[in-house]
Amino acid sequence: MKYTDEQIFDALAAFLAKDGAGAESVGAIAPETDIVGQGLVDSVGIFKLISFVEEKFGIMIEPDEVLLENFKTLQALRNLIVRKLGGAPPGGSAAIA
Amino acid sequence: MSTVPDSCDVVVIGGGPAGSLAATYLAAQGYSVVLFERQKHPRYNVGESLLPDIWKYCDAAGVADAIVSEGFVRKAGGSVDWKGEMRRLSFSDFGYTRPALHVERDRFDHILLERARASGAWIGEEIAVLDADFSRAEEDGGEIPVTYRPVGESSVARIRCRYVLDASGQTGVIGRQLGLRVFDEGFRFMSVWGYFDNSRYIAGDGQIHPATSVQQIPPTTYVSALPQGDGWAWLWHIMLRKTTSIGLVIPIAWAQETKGSGESWEAWFLKQCEAIPLLRRLLNDATFCNGSVRLVRNYSYRSTRVAGPGFFLLGDAAGFVDPIFSVGVVFAMYSAYAAAHTIDRCLAQRARRDHHRSIFSSQMLARLELSRSLALPYYQDQDAGHARAREAMSFSSTQAQALMYAASMLTDRSGNFDSMANSPEAHRAAAQRVRPLEIPQR
């Protein structure tokens, strides 16, 4: 499955607007918004975010990929998602639910 | 009491904050949960100072209103006397809008347990879990038999489940059974504590107030370095509604050297309280609660693993360091949330359960490592988990990092923090918000 950047950003922003901590006070979430520094995602919220990303995009995020550099912004997350999708075998969505 | 069910999705061992919240989260998601508690609530527990970080977990459990209406003492911040340097901080300066609390843990823990019951978890008090057999855990149709015994009875019984959560605190039922617990040899400390009536206290305004004002003028937790122990020994002073909790954290060797043979721990404890001028002043008109002294030795430990096929370790059952930053209950609640989320994912996606468990383990171990790195002396000499702890820190907001930094500045542990943190902004915010504490002479 291919996603445009816009689809990825929209999906992530919609998720954080609903489930991010204190989302109502942060306002619009741009690709470069520091979602960790602003507290939208913290050590608790990261669990739901990982599960959401894994299920939405059919990828698996490994424990050693749960790094600030991969989760600090929607742009960083988009880069991770695209990298993981590119690495998946052709036609193989990694979903094995 | 209805009879114990024969089977369920999840057995929770222990009815402290970790166990009760995990049971609540899981029951609310529709899982059948059986929680065993060895004691009968309300029961005593130490660890009365709670950070404002508790509220997000209480909200998620639907128990925040019950805690607010209980009317626990609201704490304004911390007052610290560290080797003659007196400083204070207020949570409100760090953007926290909901209060930190000083709670009687018998009441607080009971409220959480009742919430778990109301959420649909089956609660069995005065039932001790003996062991669990994980040999067929997570196999297709495989179940985990958990052996338990009602307190005071000689016969044992079994319940079958799919997951076991060990929230049994320092007892560590599963961690000990599986040999996962490792004690910190580099931190051979002990804690001795007791209770006083009618102690005065230092409030958020930096003034000393009588015990009767505690509900009107929010107190701080007063922490002081002790002259012995190389800057790592300290005392706490925590105002509760009717009493005051005072405790010492000291090197075991130093306690052994100074305690006379035949001297009781109570007498030794009171002697130490006398020897600290500011504490002596707060205790001027106070009365010691006879028989209230307790102690624990060698309490600093971690676990080589915090999860495996069929089990998760929560809160103090997973690890405990030094209570100086009051993170114990917050960690318990965090681990309850993380485990409930992970069990839900494991049961929904059986093929991916190793993956979900590995995320839980790495996040939990990183967080434990962060607590160790901030609280243990000479941590940088044993920095195997350093990178891991840095990652845990990096997922804290700027506000949370600033508070951690300020707290570590006050207690001279900022060297440890400097090697962890990656937010110059948090450093600046912390430095600006630590204020000098000037206690009036009279």
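Note that this is a predicted model, so its numbers are computed, not measured. (Residues numbered from 1 in each chain as written. Chains lettered and ligands numbered in written order. Predicted model: local features only at pLDDT ≥ 70, side-chain atom pairs only at ≥ 80, totals over all residues.)

Focus on the overall build of chain B
(1) Moving on: If you tally the helices and strands in chain B, you get 15 helices and 25 strands.
(2) Moving on: Taking 2.2 N^0.38 as the reference for a compact globule, 442 residues should give roughly 22 Å; the C-alpha atoms of chain B span a radius of gyration of 22 Å, in line with that estimate.
(3) Moving on: Expressed as a percentage of the 442 residues in chain B, the buried residues total 52%.
(4) Moving on: In chain B, of all internal contacts separated by at least 6 residues, the share reaching a separation of at least 24 is 71%. (Helix = DSSP H or I, 4+ residues; strand = E, 2+ residues; numbered from the N terminus. Rg over C-alpha atoms; globule rule 2.2 N^0.38 Å. Buried ≥ 20, exposed ≤ 12 C-beta atoms within 10 Å, placed from the backbone. Contact = placed C-beta atoms within 7 Å.)

Considerations on the overall build of chain A
(1) Moving on: Looking only at helices and strands, chain A has 5 helices and 0 strands in total.
(2) Moving on: Along its sequence from the N terminus, chain A presents helices and strands in the succession α-α-α-α-α.
(3) Moving on: A buried classification covers 31% of the 97 residues belonging to chain A.
(4) Moving on: Put simply, of all contacts in chain A between residues at least 6 apart along the chain, 56% involve residues at least 24 apart.

A word on the domain arrangement of chain B
Residues and elements named next belong to chain B.
(1) Moving on: Domain annotation for chain B reports domain 1 (1–48 + 104–184 + 301–395) and domain 2 (189–297).
(2) Moving on: Taking the mean C-alpha position of each, domain 1 and domain 2 sit 31 Å from one another.
(3) Moving on: Tallying the contact residues gives 6 residues for domain 1 and 8 residues for domain 2.
(4) Moving on: Of the residues belonging to the side of domain 1 that touches domain 2, the class tally is 3 nonpolar, no polar and 3 charged. (Domains from an automatic or database assignment. Nonpolar A, V, L, I, M, F, W, Y, C, P; charged D, E, K, R; others polar.)

Focus on helix α10 (residues 328–348) of chain B
(1) Moving on: In a regular helix each residue adds 1.5 Å, so 21 residues correspond to 30 Å; α10 of chain B covers 30 Å between its end C-alpha atoms and thus fits that length.
(2) Moving on: Counting buried positions along α10 of chain B gives 18 out of 21 residues, so the element sits mostly inside the fold. (Expected span 1.5 Å × (residues − 1).)

A look at the nonpolar core
Residues and elements named next belong to chain B.
(1) Moving on: Grouped together as the largest cluster of nonpolar side chains are 163 residues, with contacts concentrated most on Ala22, Val33 and Leu314.
(2) Moving on: Of all the elements, α10 adds the most residues to this core, at 13 residues.
(3) Moving on: Look past the residues within four positions of leucine 314 in its chain and what remains in contact with it is Ala18, Gly19, Ala22, Leu165, Asp166, Ala167, Ala332, Ser335, Ala336 and Ala339. (Core = buried A, V, L, I, M, F, W, Y, C linked by C-beta atoms within 7 Å.)

Structural notes on the packing of helix α1 (residues 17–28) of chain B against helix α2 (residues 54–61) of chain B
Residue and element names in this part refer to chain B.
(1) Moving on: The interhelical angle for the contact between α1 and α2, taken along N-to-C directions, is 40 degrees, at an axis separation of 9 Å. In terms of axis orientation, α1 runs oblique to α2. Along this stretch, α1 crosses α2, giving a crossing that reads as left-handed. The residues of α2 that touch α1, namely those facing Leu21, Thr24 and Tyr25, are Tyr57, Ala60 and Ala61.
(2) Moving on: Partitioned by chemical class, the residues of the contact of α1 with α2 number 5 nonpolar, 1 polar and no charged. (Axes fitted to C-alpha atoms, helices over the stretch in contact; angles between N-to-C directions. Parallel < 35°, antiparallel > 145°, perpendicular 65-115°, else oblique. Left-handed = near helix turned anticlockwise from the far one by under 90°.)

A closer look at the interface of chain B and chain A
It is common to give the size of an interface as the accessible area lost on bringing the parts into contact.
(1) Moving on: Between chain B and chain A, the contact holds 23 residues from the first and 20 residues from the second.
(2) Moving on: Within the residue set of the side of chain B that touches chain A, elements represented by two or more residues are α10, α11 (353–375), α12 (386–394) and α13 (398–410) of chain B.
(3) Moving on: Element by element, the count of residues in the side of chain B that touches chain A is highest for α11 of chain B, at 6 residues.

Re the pairing of strand β11 (residues 157–161) of chain B
Residue and element names in this part refer to chain B.
(1) Moving on: Pairing analysis gives 5 bridges linking strand β10 (residues 144–150) to β11, with the strands arranged antiparallel. Bridge pairing in β11 links valine 146 to isoleucine 159.
(2) Moving on: The loop that links β10 with its antiparallel partner β11 comprises 6 residues; one of these, glycine 152, has a positive phi angle of about 90 degrees. (Pairing = 2+ DSSP bridges.)

What to know about unusual backbone geometry
All names here are of chain B.
(1) Moving on: In the segment running from histidine 41 into proline 42, the intervening peptide bond is cis, with an omega of -5 degrees.
(2) Moving on: Relative to the helices and strands, proline 42 resides in the loop between β2 (33–37) and β3 (49–50).
(3) Moving on: Phi is positive for glutamate 126, which is not a glycine, with a value near 55 degrees.
(4) Moving on: Topologically, glutamate 126 is positioned in the loop between β8 (122–125) and β9 (127–132).

Regarding the confidence of the model for chain A
(1) Moving on: Within chain A, residue pLDDT values average 86, and 89% of them lie at 70 or more.
(2) Moving on: Taken as a whole, residues 88–97 of chain A scores under 50 in pLDDT and shows 10 contacts with residues more than four places along the chain or in a different chain. (pLDDT = per-residue confidence, 0-100.)

Observations regarding the sheet that holds β11 of chain B
Residue and element names in this part refer to chain B.
(1) Moving on: Spatially, 3 strands are ordered β9-β10-β11 in an open sheet, and the strand pairing comes out antiparallel. Unpaired on one side and paired on the other, β9 and β11 mark the two borders of the sheet. Here the strands of the sheet are splayed against their neighbours by 35 degrees on average, with no regard to which way each runs.

Digging into the packing of α1 of chain B against helix α4 (residues 105–118) of chain B
Residue and element names in this part refer to chain B.
(1) Moving on: It is at 8 Å that the axes of α1 and α4 come closest, and there the two elements cross at 20 degrees. Of the possible angle classes, the one that applies to α1 and α4 is roughly parallel. Classified by chirality, the crossing of α4 by α1 is left-handed. Residues Pro17, Ser20, Leu21, Ala23, Thr24 and Ala27 of α1 form the contact with α4, whose own contacting residues are Asp109, Leu112, Leu113, Arg115 and Ala116.

Thoughts on the sheet that holds strand β7 (residues 100–102) of chain B
All names here are of chain B.
(1) Moving on: An order of β3-β7-β4 is seen for the 3 strands of this open sheet, with the pairing classed as antiparallel. Each edge of the open sheet is held by one strand with a lone partner, namely β3 and β4 (73–75).
(2) Moving on: Pairing of β4 with β7, which is carried by 3 bridges, proceeds in the antiparallel orientation. Within the sheet, the bridge partner assigned to arginine 74 lies in β7 and is leucine 101.

As for the environment of phenylalanine 189 of chain B
All names here are of chain B.
(1) Moving on: Tracing the backbone through its elements, the reader meets phenylalanine 189 in strand β14 (residues 189–197).
(2) Moving on: Among the residues examined, phenylalanine 189 registers 26 C-beta atoms within 10 Å and is labelled buried.
(3) Moving on: Each C-alpha atom of the pair phenylalanine 189 and valine 296 lies 9.1 Å from the other, and the pair is 107 residues apart in sequence.

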